Amino acid sequence: MGRLTLTPKGLSWFSKGHPWVYRNDLEKIQDAIPGSIVTLEKKNGAFLARGFYSDRSKIAFRLVSRNQEPIDRSFWEKRLQRAHQYRQSAVEGTSAYRLVYGESDGIPSLIVDRYGSHFALQTLSQGTEILTSLFADILSHLFQPSSIILRNDLAVREMEGLPQEKKVLLGQSPGKIEVYEGNIRYLVDPWSGQKTGAYLDQRENRTAAVRYLRGHILDAFCYQGLFALHAARSSTKVIGVDSSQEAVEQAAENAGLNALRNVEFRKGNVFDFLKEQVEEGSQYDGIILDPPAFAKSKENVSGAARGYKELNLRAIRLLKRGGILVTSSCSYNLSEAKFLEILKECERDCGATLRIIEKRGQGADHPILLSFPESYYLKCLFLQKV
Ligand code: SAH
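Residues numbered from 1 in each chain as written. Predicted model: local features only at pLDDT ≥ 70, side-chain atom pairs only at ≥ 80, totals over all residues. Heavy atoms only, no water.

Engineer: Would you mind going over the sheet that holds strand 1 (residues 2–6) with me for this structure?
Structural biologist: Two modes of strand pairing occur in sheets, parallel and antiparallel, and in both the strands are linked by backbone hydrogen bonds. The 6 strands are arranged 2-6-5-4-1-3 in an open sheet whose pairing can be described as mixed. Of all the strands in the sheet, the pair left with one neighbour each is strand 2 (20–22) and strand 3 (26–30). Pairwise comparison of adjacent strand axes, ignoring direction, gives a mean angle of 30° for this sheet. Here 4 bridges tie strand 1 to strand 4 (residues 37–41), and the two strands are oriented parallel to one another. Each residue of the ladder has a partner; that of Thr-5, found in strand 4, is Glu-41. In this fold helix 2 (residues 73–90) packs onto strand 4, strand 5 (47–53) and strand 6 (59–65), with an angle of close to 80° to the strand it touches most, strand 6. (Pairing = 2+ DSSP bridges. Helix = DSSP H or I, 4+ residues; strand = E, 2+ residues; numbered from the N terminus. Axes fitted to C-alpha atoms, helices over the stretch in contact; angles between N-to-C directions. Contact = heavy atoms within 4.5 Å.)

Written out as structure tokens, the structure reads:
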């Protein structure tokens, strides 16, 4: 087994509990095969942990275990079972959820999303890449899935020197699968949809928002229309806007599936749409803003901040007094504090007063580790214009 030795600075960082070690915090790298399990040691050779080694990423080590135990099939089977047990207690009222959320489930850089009996897998580092067929095999054994799709078409894999690819690991590419979320049914395509087919991280926010949404609602960045469909159950009229033609077509099909006739979907750029709506003097009782991650890296936080500001500013202008704004940022690089600051600026620029009704994040199937801030990325606020 390969061995990595920490520098004194690396040791003090790792001792605080973070599950990653950066390459420049390593003093020595011995016999470490890319993607293999290696031992992390102190300078004096004392054992610290076992984890995945990457020879390409800045993240050279990802923690798997702090114990000197074999990392074999039965080890991974237990981790997957543990992830499943947690979901059984934390997830309810849906057939679509994240079964494995990487580091948060002790399986760094592995994502497994579940859509009924169909599974979608993503391996985001050299370590999990090597174990792809083992994970598929254990999942088959534990859950007897109808299909397992590998959705490795993600830019982050390039940092690990890994290619973009999509593959069927078990069964056949399932086409569109019908799943449910609360009292909404929708179709998801794990082979060609965005992410692994759905934005599962917003599930709890979608069902929770219904409590406050009445009247005339706008779902901006609607994707396959899920916020809109939930809102349509409690509201008079809902419009969803997304720039993707496939997404709005899927959203319309989903509306049909739920026999909802008070919802309409339009292809369009939300920035332009909001601008036009302000110019036309439109007013809404509720607006959902769920843009893609604008801040993909630390370097573009200020550009991203301008994007969030423009959207939220226009949305607040479009809200009636008493109206609800459900606003999200899924940019890890834009902190919750910064997001709140942007919203405060918007409030001031509009001469409005907003109150926080609920401060929310990603669903419980995307658990956040205290010692791993990177696991917390989705901020979602329910605000009311008073
Ligand atoms: N609210 C959705 C997820 C939205 S993800 C849900 O709960 O499922 C972000 C969406 O924004 C994607 O569907 C993407 O197609 C869309 N998008 C990205 N840029 C856009 C733009 N400028 N205008 C409209 N839609 C955009």
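There is more to say, and it comes next.
Engineer: Quick question: what am I supposed to make of the packing of helix 2 against helix 4 (residues 132–143) here?
Structural biologist: In helix packing, the relevant descriptors are the interaxial angle and the interaxial distance, both defined with respect to the helix axes. Their axes nearest at 10 Å, the elements helix 2 and helix 4 cross at an angle of 55°. The angle between helix 2 and helix 4 falls in the class oblique. Like other packed secondary-structure pairs, helix 2 and helix 4 cross with a definite hand, here right-handed. Together, Arg-73, Trp-76, Glu-77, Leu-80, Gln-81 and His-84 of helix 2 and Leu-134, Phe-135, Asp-137, Ile-138, Leu-139, His-141, Leu-142 and Phe-143 of helix 4 make up the contact between the two elements. (Parallel < 35°, antiparallel > 145°, perpendicular 65-115°, else oblique. Left-handed = near helix turned anticlockwise from the far one by under 90°.)

Engineer: Mind showing me how you'd approach the site of the ligand here?
Structural biologist: What surrounds the ligand is a group of 16 residues, the closest being Arg-206, Asp-242, Ser-243, Val-270 and Asp-290. One nitrogen or oxygen atom from the side chain of Asp-290 is found 2.7 Å from a nitrogen atom belonging to the ligand. The fraction of the free accessible surface of the ligand (580 Å²) that becomes covered by protein chains is 90%. (Near = heavy atom within 4 Å. Polar contact = N/O pair within 3.5 Å; in protein donor to acceptor, adjacent residues only side chain to side chain. Areas by Shrake-Rupley, 256 points an atom, 1.4 Å probe, with all protein chains shown as cover.)

Engineer: Could you clarify how one ought to interpret the nonpolar core in this entry?
Structural biologist: Looking at soluble globular proteins, one finds that nonpolar side chains tend to be buried together. Counting residues in hydrophobic clusters, the biggest one holds 34 residues, and the most contacted among them are Tyr-115, Tyr-186, Leu-229, Val-263, Phe-265 and Val-326. The set of elements that each furnish at least two residues to this core consists of strand 12 (177–181), strand 13 (184–188), helix 5 (203–209), helix 6 (226–234), helix 7 (245–257), strand 16 (263–267), strand 18 (319–329) and strand 20 (379–385). Looking at which element gives the most residues to this core, the answer is helix 6, with 6 residues. Among the nonpolar cores identified, the runner-up in size contains 32 residues, and Leu-274, Leu-311, Ile-342 and Leu-354 belong to it. (Core = buried A, V, L, I, M, F, W, Y, C linked by side-chain atoms within 4.5 Å. Buried < 20%, exposed > 50% of the residue type's maximum accessible area, 1.4 Å probe, protein only.)

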